[in-house]
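# Fold and geometry: a report
One-letter residues, chain by chain:
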Amino acid sequence: MRTFFLILMVVLLSLIQISGLNNSLFAITPNFVLAGLVVLAMLIDFNQLIWLAFTGGLILDFNSSVDFGLNTVFLILMILVIRLIIKTSEISTKLIYSLIIVGIATVFYNLVIFTTIIRSSAIINPLNLGFRLAVELVCNLVLTALIYWLVEFSLAKIEEFNKTRKLKLS
Amino acid sequence: MRNRVKTTITIVLIVVVSLILLNTAGVLNPVKSIIDVTISNPVRLAFSEVAGSLSKSLGVITSIGSLNAKNTQLEVQVTELKNKLSELKEVKNENDILRAQLGFESRQPLKTIPARVISFEPDNIRKFLTLDKGSRHGLKKGMPVVSSGILVGTLDEVDSFSSKVFLINDPEFRIRAIGQDGRASGIVRGQLGQGLLMEKIAQNEIINLNEFVITAGSDDVPKGILIGQVEGIVRNDNAIFQSADLKSLINPSKLELVFVVTEK
């Protein structure tokens, strides 16, 4: 049930990200998948997480105009970096860490996508680019806090349900 | 435990690299088509529709204060447009008579195929959207896509049952265009997060504020499709060219149904 919930969550987040439910605030798309995966990285097993990153990345890649695989590779690399951070440092406040990582990953992700157009003579207003990045950053941070609360609550409920079921069976 | 993690990483990386290679070689295309028809298109369409209606509801709530003023403004605009329409009908009649006398062929309406928007680009830099029609429905790369007669973009990638539209506001989009009144020609480009820019307009050509800009006509794009309206002109006496800022007349991120122009 837990695995099913996690897969469903990542698929839903990916579908929301490509659905166009994003155009109310300066036509900025918050990065639902990124926020979701960073939150999950703080709460679940790494082996599960890497497959979830693969699933989310693949859905985004099928709907993206950038080189195929870029989203998947980015998300997997991000998960590997988070694992390295978790292993090497003592994390006590997971939400704060999630927010910091989402902030850094948002900037980095935009830079990666930006490199796909920087080759051309595209007209880019740095002020506008900065503003859009700032709005996306704020959206992603709020989203991360929301997802964190939602996932923590849902996982606790699932644990509770599993325990009750085990007790009933025994 | 450590070995298990290493194995997972290795398997995932092998799968990812294989998928990238298979996609580059075009081997994934038939699989993509099957996924598109059976799962992907219906699910994406359903999500897009739900998202569209939620977005609209949110829009109504946030704009409720300004609705009255906008309504009055639109009523005035409707009256003006009605007058203009009756004038244009007269002009059309005259035009038809003159064309008949000169033996010119009358203008044929564009042949279009309707397509629904099923997904948007997941990032905030590139501007593409995916349609639920593909090569099986007669779509080809380069065909223009319009909404309410206004240019939305051109088809960039066409799969069997879906296609990607290169939107007019993407920073890499370019199209030849002319001003409707002064006939000044130039190139319209998308600007990241801003409107459109018409550049390479010769200094001796005339372009005015509020003038409409239309496509100049090229291989697949017919002449005369509305692109935008001039809202600013940048003219420098020392420069070879002048440029104009255009206001796009549609919001590509709110589109639900578009029309692909299949024949000029």
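Here the structure is shown first, and the text comes after it.
Below is a short write-up of the structure.

### Quick look at the environment of Asn125(A)
All names here are of chain A.
- Residue placement: Asn125 occurs in the loop between helix H5 (94-118) and helix H6 (126-169).
- Asn125 sits in the partly exposed class, given a relative accessible area of 28%.
- For the pair Asn125 and Leu40, spaced 85 residues apart in sequence, the C-alpha to C-alpha distance is 35 Å.

### Some remarks on helix H4 (residues 70-88) of chain A
- Between the first and last C-alpha of H4(A) there are 27 Å, a value that for 19 residues agrees with the 27 Å anticipated at 1.5 Å per step.
- Listed as buried for H4(A) are Leu70(A), Asn71(A), Thr72(A), Phe74(A), Leu75(A), Ile76(A), Met78(A), Ile79(A) and Ile82(A).

### A few points about the interface of chain B and chain A
- The interface of chain B with chain A comprises 47 residues on the first partner and 50 residues on the second.
- Interface of chain B and chain A: buried area, both sides summed, is about 4,300 Å²; carbon and sulfur atoms make up 62% of it.
- Counting the contacts that link chain B with chain A gives zero salt bridges.
- Summed over the shared surface of chain B and chain A, the number is eleven residue pairs in polar contact (both at pLDDT 80 or more).

### Remarks on the environment of Asp123(B)
- Its place among the elements puts Asp123(B) in the loop between strand E1 (111-120) and strand E2 (128-131).
- If we ignore the near neighbours within four places in the chain, the residues touching Asp123(B) are Thr29(A), Ser64(A), Val66(A), Tyr109(A) and Ile113(A).
- There is a polar contact of 2.9 Å between the side chain of Asp123(B) and the backbone nitrogen of Arg126(B).

### Observations concerning the side chain of Asp132(B)
All names here are of chain B.
- Among the secondary structure elements, Asp132 is positioned in the loop between E2 and strand E3 (144-147).
- Buried within the structure, Asp132 lacks any salt-bridge partner; its nearest side chain of opposite charge belongs to Lys133, at an N-O separation of 4.7 Å.
- A polar atom in the side chain of Asp132 sits 2.9 Å from the backbone nitrogen of Arg116.
- Among residues more than four places away in sequence, those in contact with Asp132 are Asn41, Ala115, Arg116, Ile118, His137, Phe161 and Ser162.

### Some details on the layout of surface pockets
- Roughly 770 Å³ of internal volume is contained in the second largest pocket.
- Around the second largest pocket, the lining is made up of 34 residues, and of these Leu58(A), Ile59(A), Asp61(A), Phe62(A) and Asn63(A) lie nearest the centre.
- Among the elements that make up the lining of the second largest pocket, the one with the highest residue count is helix H2 (residues 29-63) of chain B (eight residues).
- Looking at the lining of the second largest pocket residue by residue, the classes come out as eleven nonpolar, twelve polar and eleven charged.
- When we break the lining of the second largest pocket down by domain, the ones giving at least three residues each are domain 1 (2-62) and domain 3 (109-264) of chain B.

### Looking at the packing of aromatic side chains
All names here are of chain A.
- Counted according to the given criterion, the structure contains seven aromatic pairs over all chains.
- Centroid distance Trp51 to Phe54: 5.7 Å. Interplanar angle 85 degrees. Geometry classified as edge-to-face. Of this pair, Trp51 and Phe54 both sit in helix H3 (residues 46-62), separated by three residues, roughly a single helical turn.
- Taking the centre distance of 5.1 Å and the plane angle of 55 degrees together, the rings of Phe74 and Tyr109 count as tilted. Separated by 35 residues along the polypeptide, Phe74 in helix H4 and Tyr109 in helix H5 bring together distant segments of the chain. Exposure class is identical for Phe74 and Tyr109. Each is buried.

### Topic: the nonpolar core
- Grouped together as the largest cluster of nonpolar side chains are 54 residues, with contacts concentrated most on Leu37(A), Leu40(A), Leu75(A), Met78(A) and Ile147(A).
- Tallying contributions element by element places helix H2 (residues 32-43) of chain A first for this core, with ten residues.
- Residues within four places of Leu40(A) in sequence aside, it is in contact with Leu6(A), Met9(A), Val10(A), Leu49(A), Leu52(A) and Val151(A).
- Core analysis: the next-biggest nonpolar cluster, separate from the first, contains 22 residues, Phe173(B), Ile207(B), Val230(B) and Val261(B) among them.

### Here's the deal with the pairing of strand E5 (residues 163-167) of chain B
Residue and element names in this part refer to chain B.
- Across the five residues of E5, five count as buried, placing the element largely inside the fold.
- Alternating residues of E5 divide into Ser163, Val165 and Leu167 and Lys164 and Phe166, and every residue in both groups is buried.
- As paired strands, E2 and E5 are joined by four bridges and run antiparallel to one another. Residue Thr130 lies in a different strand from E5, and its bridge partner there is Lys164.
- Looking at chain direction, strand E4 (residues 150-158) and E5 are connected through five bridges and run antiparallel. Along E5, the bridge assignment pairs Glu157 with Lys164.
- Counting the residues between successive antiparallel strands, the hairpin from E4 to E5 contains four residues.

Conventions adopted
Residues numbered from 1 in each chain as written. Chains lettered and ligands numbered in written order. Predicted model: local features only at pLDDT ≥ 70, side-chain atom pairs only at ≥ 80, totals over all residues. Heavy atoms only, no water. Helix = DSSP H or I, 4+ residues; strand = E, 2+ residues; numbered from the N terminus. Buried < 20%, exposed > 50% of the residue type's maximum accessible area, 1.4 Å probe, protein only. Expected span 1.5 Å × (residues − 1). Contact = heavy atoms within 4.5 Å. Buried area = accessible area lost by both parts, 1.4 Å probe. Salt bridge = Lys/Arg side-chain N within 4 Å of Asp/Glu carboxyl O. Polar contact = N/O pair within 3.5 Å; in protein donor to acceptor, adjacent residues only side chain to side chain. Lys, Arg positive; Asp, Glu negative; His and termini not counted. 1 Å grid on protein atoms, 1.4 Å probe; cavity = no way out; pocket = protein on both sides within 12 Å on 5 of 7 lines; lining within 4 Å. Points joined across faces, edges and corners; volume = space filled by probe spheres on them. Nonpolar A, V, L, I, M, F, W, Y, C, P; charged D, E, K, R; others polar. Domains from an automatic or database assignment. Phe/Tyr/Trp six-rings, centres within 6.5 Å; stacked < 30°, edge-to-face > 60°. Core = buried A, V, L, I, M, F, W, Y, C linked by side-chain atoms within 4.5 Å. Pairing = 2+ DSSP bridges.

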